[in-house]
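# Overview (structure and organization)
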Amino acid sequence: MIYLNNAATSWPKPETVYQAHDAYLRHLSGSVNRGAGGASLDAGRAVLETI
């Protein structure tokens, strides 16, 4: 068996992952798809941009 879905648990992560997570926590922190407020919409846009 080969486990290919290790992105969530792999360590260490690339520096860009840490930077993106830090930026989200500092500047967005809205609940994605859980509200219509500005913070939720901004967070949702950020998630959609990563796909």
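Preceding this section is the structure that the text describes.
Notes on the structure follow. Each chain carries its own residue numbering, running from 1 in the written order of its sequence. Local features in a predicted model are, by the rule used here, given only for residues with pLDDT of at least 70; side-chain atom pairs are given and counted only at 80 or more, and totals for whole chains, interfaces and linings are based on all residues. Heavy atoms throughout the structure, all of them, feed into the side-chain values; hydrogens and water do not.

### Details of the overall build of the chain
The number of helices and strands found in the chain is two helices and zero strands. Three exposure classes are used, based on accessible area relative to the maximum for each residue type with a 1.4 Å probe and protein chains only: buried under 20%, partly exposed in between, and exposed over 50%. Here the chain holds 51 residues, and the buried ones make up 8% of them. For accessible areas, the Shrake-Rupley method is used with a probe of radius 1.4 Å. Any residue's cover is judged against the shown protein chains and nothing else. Accessible area for the chain stands at about 4600 Å²; split by element, carbon and sulfur atoms hold 59% of it. A run of H or I in DSSP becomes a helix once it reaches four residues, and a run of E becomes a strand once it reaches two; helices and strands are each numbered from the N terminus.

### With respect to helix H1 (residues 15-27)
By this rule, a helix spans an expected 1.5 Å times one less than how many residues it contains. Compared with the 18 Å implied by 1.5 Å per residue over 13 residues, the 18 Å span of H1 between its first and last C-alpha is a close match. Looking one or two residues beyond H1, the residue adopting positive phi is Ser29, at roughly 50°.

### With respect to the pattern of salt bridges
The rule for a salt bridge is simple: a side-chain nitrogen of Lys or Arg has to be within 4 Å of a carboxyl oxygen of Asp or Glu. According to the stated counting rule, one finds two salt bridges in the structure shown. Put simply, Arg26 and Asp22 hold a salt bridge, and the shortest N to O gap is 2.8 Å. Separated by four residues within a single helix, Arg26 and Asp22 lie in helix H1, roughly one turn from each other. The class of Arg26 is exposed, set by a relative accessible area of 62%.

### Regarding the side chain of Ser40
Turning to its location among the elements, Ser40 is positioned in helix H2 (residues 38-50). A relative accessible area of 13% places Ser40 in the buried class. Any pair of N or O atoms that falls within 3.5 Å is considered a polar contact. Within protein, one atom must be able to donate a hydrogen and the other to accept it, and sequence-neighbouring residues count only if both atoms are side-chain atoms. Here Ser31 takes part through its backbone oxygen, which lies 3.1 Å from a polar atom of the side chain of Ser40. Pairs of residues are marked as contacts when any of their non-hydrogen atoms sit within 4.5 Å. Excluding residues that lie within four positions of it along the chain, Ser40 makes contacts with Gly30, Ser31, Val32 and Gly35.

### Describing the environment of Asn33
Note on placement: Asn33 falls in the loop between H1 and H2. Note on Asn33: relative accessible area 72%, which makes it exposed. In the structure, Asn33 is positioned 11 residues away from Gly44 in sequence and 6.3 Å away in space, judged by C-alpha atoms.

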